[in-house]
Amino acid sequence: MTRRTSGLVLLAGAVLATVVVYAGLVPRYALTDEPARALLTLVGGWVPYTLVFYLLGRFYSSPSSLPSMRTADLGLGAVLIFLLLSLGLEAWGFTPERIPEAHLVQAIGIFTGLALFGWGIGRRSKAITDVAETP
């Protein structure tokens, strides 16, 4: 198997894992009054979600030179800031179990940040691989 083929298989597996987590497991736990388990599964799903964008960055970006890490830094910063905002809301009594709408903006920010983080790392990794393979 070539590197590209194995990467595409990994991409398909990451997309499948993301779909299973967010379309299957999280709603099932949320609807069966297991909000703690749904939240744990939601956070565990961040890994395949980020991996999808990392692999997309590796396969579908074409950096001409070594890109900066600004995109990944911005993404990681967004994840941390929105996670802290969500935790602050929870400390004030607005828990995701009781008022999930209060956490919607933070959830969008976290997922956007994870996508930016994965994409930025993937682009950088692609550029390093291209430089290493150039004779």
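Use the structure listed above.
When helices and strands are counted, the protein shows 5 helices and 0 strands. In terms of overall dimensions, the protein has C-alpha extents of about 60 × 30 × 15 Å along its principal axes. Put simply, the protein has 135 residues, and 32% of those count as buried. For the protein, the proportion of contacts with a sequence separation of at least 24, taken over those separated by at least 6, is 78%.

Applying the stated criterion to the full structure yields 1 salt bridge. Among the salt bridges present, the one from E34 reaches R37, with a minimum N-O distance of 3.7 Å. Taking relative accessible area as the criterion, E34 reaches 31% and is therefore assigned partly exposed.

Tallied over the entire structure, the rule returns 4 aromatic pairs. Their ring planes at 80° and their centres at 5.5 Å tell us that Y22 and F111 sit as a pair that is edge-to-face. Placement of Y22 in helix α1 (residues 3-31) and of F111 in helix α5 (residues 104-133) is noted, with a sequence separation of 89 residues between them. Here Y22 falls in the partly exposed class, since its relative accessible area comes to 22%. A connected cluster of aromatic rings, assembled from ring pairs, spans Y22, Y49, F53 and F111.

Here F59 shows up in helix α3 (residues 46-60). You can call F59 buried: its relative accessible area is 14%. Excluding anything up to four places from it in sequence, F59 contacts R4, G7 and L8.

Packing of α1 against α3 brings their axes to within 8 Å, and their N-to-C directions diverge by 145°. In terms of crossing hand, the pair formed by α1 and α3 is left-handed. Between α1, through R3, R4, G7, L8, L10, L11, A14, V15, A17, T18 and Y22, and α3, the contact on the second element is made entirely by W46, P48, Y49, L51, V52, L55, L56, R58, F59 and Y60. Its residues assigned to classes, the contact of α1 with α3 comprises 16 nonpolar, 2 polar and 3 charged.

Our focus in this paragraph is α1. A rise of 1.5 Å per residue sets the reference length of α1, with its 29 residues, at 42 Å; its end C-alpha atoms lie 41 Å apart and thus fit the reference within 8%. Along α1, the largest kink reaches about 30° and is centred on V21. Those residues of α1 not exposed but buried are G7, L11, A14, T18, V21, V26 and Y29. In this structure, the buried side of α1 is in contact with α2 (35-44) and α3. Downstream of α1 by a residue or two, D33 has a phi angle that is positive, lying close to 55°.

Cut-offs and rules
- Residues numbered from 1 in each chain as written.
- Predicted model: local features only at pLDDT ≥ 70, side-chain atom pairs only at ≥ 80, totals over all residues.
- Heavy atoms only, no water.
- Helix = DSSP H or I, 4+ residues; strand = E, 2+ residues; numbered from the N terminus.
- Buried < 20%, exposed > 50% of the residue type's maximum accessible area, 1.4 Å probe, protein only.
- Contact = heavy atoms within 4.5 Å.
- Salt bridge = Lys/Arg side-chain N within 4 Å of Asp/Glu carboxyl O.
- Phe/Tyr/Trp six-rings, centres within 6.5 Å; stacked < 30°, edge-to-face > 60°.
- Axes fitted to C-alpha atoms, helices over the stretch in contact; angles between N-to-C directions.
- Left-handed = near helix turned anticlockwise from the far one by under 90°.
- Nonpolar A, V, L, I, M, F, W, Y, C, P; charged D, E, K, R; others polar.
- Expected span 1.5 Å × (residues − 1).
- Bend = angle between axes of the 7 residues up to and from the residue.

None of this, on its own, says anything about what the molecule does.
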